[in-house]
Amino acid sequence: QVQLVESGGGLVQPGASLRLSCAASGTQSRFTVMAWYRQTPGKERELVATQIIGGDAKYAAYVKGRFTISRDGDKNSVQLQMSRLAPEDTAVYYCHGREAFGDPRLYWGQGTQVTVSA
């Protein structure tokens, strides 16, 4: 059974930094796509950043250069370094993995809460 587990969330003040981590278990396959999404009450889950093996990192426009995604493909792990956090970044952040383009199997972690408040 494939499982993704996130860690690193917490309560921070505006302007602070957090580093989220995610690691997969239960599979020998490499995730071609790994990404971070986030979701707040009343809104759909939205992409934060994605890293495809052999490709460039992609970020949502609201990231504005504040976040950096990195991954280790062999280990199916992914990190999200977040800096200059703002209250609007408050959300549950989810790790996502997919083995290949077109593969309907989408794997998700349970999420880690990030709260940015003074």
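The written sequence of each chain sets the order in which its residues are numbered from 1. Owing to the predicted nature of the model, reporting of local features is limited to residues with pLDDT of at least 70; listing and counting of side-chain atom pairs is limited to 80 or more, with chain, interface and lining totals taken over all residues. Working from all heavy atoms in the structure, the side-chain values ignore hydrogens and water.

(A) Quick peek at the sheet that holds strand β7 (residues 67–72). At least two bridges found by DSSP between two strands is the condition for calling them paired. Each helix is a run of DSSP H or I of at least 4 residues and each strand a run of E of at least 2, with the numbering of both proceeding from the N terminus. If you walk across this open sheet you meet the four strands as β1-β3-β8-β7, and the pairing is antiparallel. Edge positions in the open sheet fall to β1 (3–7) and β7, since each of these has one partner strand only. With direction set aside, neighbouring strand axes in the sheet form an average angle of 15°. Pairing of β7 with strand β8 (residues 77–82) involves six bridges; the strand directions are antiparallel. Opposite I69, over in β8, you have L80 as the bridge partner. The angle between two axes is taken between their N-to-C directions and runs from 0 to 180 degrees, where each axis is a line fitted to C-alpha atoms and a helix contributes only its stretch in contact.

(B) Representation of the pattern of salt bridges in the model. Any carboxyl oxygen of Asp or Glu that lies within 4 Å of a side-chain nitrogen of Lys or Arg is treated as forming a salt bridge with it. Under the counting rule described, the total for this entry stands at five salt bridges. R38 is paired through a salt bridge with E46; the nearest N and O atoms lie 3.1 Å apart. Notably, a salt bridge pairs R105 with E99, separated by 2.9 Å at the nearest N-O pair. The network of salt bridges with shared partners includes R38, E46, R66 and D89.

(C) Examining the pairing of strand β3 (residues 18–25) more closely. A 1.4 Å probe rolled over the protein chains alone gives each residue an accessible area, and that area as a share of the maximum for its type sets the label: buried under 20%, exposed over 50%, partly exposed in between. Covered by surrounding structure in β3 are L18, L20, C22 and A24 only, the residues R19, S21, A23 and S25 on the alternate face being uncovered. Here five bridges tie β1 to β3, and the two strands are oriented antiparallel to one another. Across the sheet, the residue bridging to V5 is A23, located in β3. Summarising the sheet, β3 and β8 pair through six bridges and their orientation is antiparallel. Opposite S21, over in β8, you have Q79 as the bridge partner.

(D) Here's a closer look at the packing of aromatic side chains. Here is the rule: rings of Phe, Tyr and Trp (six-membered ring for Trp) pair when centre to centre is within 6.5 Å. Planes less than 30 degrees apart are stacked, more than 60 are edge-to-face, and the remainder are tilted. The full count for this structure, using the stated rule, is two aromatic pairs. Judged by centre distance (5.7 Å) and plane angle (50°), the rings of F31 and Y107 are tilted. One end of the pair, F31, is in the loop between β3 and β4 (33–39); the other, Y107, is in strand β10 (residues 107–108), with 76 residues separating them in the sequence. Take Y107: its relative accessible area is 17%, and that puts it in the buried class. Ring geometry for Y37 versus W108: centroids 4.9 Å apart, planes at 70°, classification edge-to-face. Within this pair, whereas Y37 is found in strand β4, its partner W108 is found in strand β10, the two being separated by 71 residues in sequence. We classify W108 as partly exposed; its relative accessible area is 30%. As a reminder, the over-ring test applies to NZ of lysine and CZ of arginine, requiring each to be within 6 Å of the ring centre and within 35 degrees of the ring normal. Here the guanidinium or amino end of R45 rests over the ring plane of Y94, the centre of that ring lying 3.7 Å away. Lying over the aromatic face of W108, R45 brings its terminal NZ or CZ to 4.7 Å of the ring centre.

(E) Local environment of the nonpolar core. Among buried residues, those of type Ala, Val, Leu, Ile, Met, Phe, Trp, Tyr and Cys that are joined through side-chain atoms within 4.5 Å constitute a nonpolar core. The biggest cluster of nonpolar side chains holds 25 residues, and the ones touching the most others in it are W36, V48, L80, M82 and Y93. Secondary-structure elements contributing two or more residues to this core are β3, β4, β5 (46–52), β7, β8, β9 (91–98) and β11 (112–116). When residues in this core are grouped by element, the largest group, four residues, is from β3. A contact between two residues is defined here by any heavy atoms of the two lying within 4.5 Å. Among all residues touching M82, those that are not within four sequence positions of it are A16, S17, L18, L20, R66, F67, Y93 and V114.

All we've got here are geometric facts, nothing functional implied.
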